[in-house]
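Residue strings, one per chain:
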Amino acid sequence: MSVSYTLAGPCQHLEEIKKSRFLAQAAPVDSPDAALAFVRQISDPDATHNCWAYRIGQDYRFNDDGEPGGTAGRPILQAMEGQGIDRAVVVVTRWYGGVKLGAGGLVRAYGGTAAECLRLAERVAIVAMARLGLHCEFAELALLKARLKECEAQIDEERFGADGVELELRLPESRVAEVQARIVDITRGRAAARRLD
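Residues numbered from 1 in each chain as written. Predicted model: local features only at pLDDT ≥ 70, side-chain atom pairs only at ≥ 80, totals over all residues. Heavy atoms only, no water.

Colleague: Give a description of the overall build of the protein chain that names residues and reports values.
Modeller: Along its length, the protein chain carries five helices and 11 strands. By its C-alpha atoms, the protein chain is 75 × 30 × 25 Å across when sized along the principal axes. Looking at the protein chain residue by residue over its 197 residues, the buried ones come to 44%. A separation of at least 24 residues holds for 68% of the contacts in the protein chain among residues at least 6 apart in sequence. Accessible surface, the protein chain as shown: approximately 10,500 Å² in total, 50% of it carbon and sulfur. Separation between the mean location of the 25 positive side-chain charges and that of the 28 negative ones in the protein chain comes to 4 Å. (Helix = DSSP H or I, 4+ residues; strand = E, 2+ residues; numbered from the N terminus. Buried < 20%, exposed > 50% of the residue type's maximum accessible area, 1.4 Å probe, protein only. Contact = heavy atoms within 4.5 Å. Areas by Shrake-Rupley, 256 points an atom, 1.4 Å probe, with all protein chains shown as cover. Lys, Arg positive; Asp, Glu negative; His and termini not counted. Charge placed at Lys NZ, Arg CZ, Asp CG, Glu CD.)

Written as structure tokens, this is what we have:
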């Protein structure tokens, strides 16, 4: 399974290509609404074009903002995909400098500026997470908490009842089988973690 990355924070990169200025600005986002808010926030109304693309898992969109179809938004998206960038938005703003670039030149300018911005950006790997739920006895809680921490499992919710504790855990997908086995061991088979996602 290939690893995808998101950005550690906002970044930007400026290039001048045949007298036009291209400014790529990128940021991590976790929803289409956040992506579109970023586009609105940093688009320059005085620029010739503010072209953009975002990808959040299987959800993506791009916009050529008046440039010939397929010459701006799609190359920006392809730059993201080429570098395995997910949960991010990229806006490339162009200030026209008087020299026409042609369709191929536009594709290279938008895609290249976006790609260089992403290449220079600090990234963080996106780890597939899983959610588990379990019920344990009060006496087992402290030991369970200590052992779960060792497996990178975080407790999202803890509900105390008359007969024990309900836990909801979040952990890397790659550690699910190990955590499930550990819970059965610690509780001597009295508790088993079930998938919640």
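This is not the end of the story, as more comes after the structure.
Colleague: I'd like a description of the side chain of Thr71, backed by residues and values.
Modeller: By secondary structure assignment, the location of Thr71 is in the loop between strand 5 (59-63) and helix 2 (73-82). Looking at Thr71, the relative accessible area reads 4%, which means it is buried. At 2.6 Å, the side chain of Thr71 and the backbone oxygen of Pro68 are in polar contact. Once residues within four sequence positions are removed from consideration, Thr71 is found in contact with Asp64, Ala103, Leu106, Val107 and Tyr110. (Polar contact = N/O pair within 3.5 Å; in protein donor to acceptor, adjacent residues only side chain to side chain.)

Colleague: Before we move on, can you summarise the nonpolar core with the specific residues and values?
Modeller: Leu7, Ile76, Met80, Val90, Val92 and Tyr110 are the most contacted members of the largest nonpolar core, which totals 24 residues. Contributing elements (two or more residues each) for this core: strand 3 (20-28), strand 4 (49-56), helix 2, strand 6 (88-95) and helix 3 (102-120). For Leu7, the contacting residues outside a window of four places in its chain are Ala26, Ala27, Pro28, Ile85, Ala88, Leu118, Ala121, Glu122, Arg123 and Val124. (Core = buried A, V, L, I, M, F, W, Y, C linked by side-chain atoms within 4.5 Å.)

Colleague: Describe the sheet that holds strand 9 (residues 154-161), listing the residues and the values that go with them.
Modeller: Taken together, the four strands give an open sheet; going across it, the order is 9-10-8-11, and neighbouring strands pair in antiparallel fashion. Where the open sheet ends on each side, the last strands, each with one partner, are strand 9 and strand 11 (194-195). One ladder, built from seven bridges, connects strand 9 with strand 10 (residues 164-172); its direction is antiparallel. Each bridged residue has a counterpart across the sheet, and for Gly161 the counterpart in strand 10 is Gly164. Along the sheet face, helix 4 (residues 141-150) touches strand 8 (129-136), strand 9 and strand 10 and points at about 170° away from the line of strand 9. (Pairing = 2+ DSSP bridges. Axes fitted to C-alpha atoms, helices over the stretch in contact; angles between N-to-C directions.)

Colleague: Talk me through the sheet that holds strand 5; I want residue IDs and the actual numbers.
Modeller: Spatially, 2-3-6-4-5 is the arrangement adopted by the five strands of the open sheet, whose pairing is antiparallel. Across the chains shown, the open sheet's two edge strands, defined by having one partner strand only, are strand 2 (11-17) and strand 5. For this sheet, the mean inter-axis angle between neighbouring strands, taken without regard to orientation, is 15°. Pairing of strand 4 with strand 6 involves seven bridges; the strand directions are antiparallel. Looking at strand 6, one finds that Arg55 is bridged to Ala88. Where helix 2 meets the sheet, its contacts fall on strand 4, strand 5 and strand 6, and the angle it forms with strand 4 comes to roughly 40°.

Colleague: Report on unusual backbone geometry, specifying residues and quantitative values.
Modeller: Phi is positive for Asp65, which is not a glycine, with a value near 40°. Inspection of the secondary structure assignment puts Asp65 in the loop between strand 5 and helix 2. Under the relative-accessibility criterion, Asp65 is labelled partly exposed at 34%.

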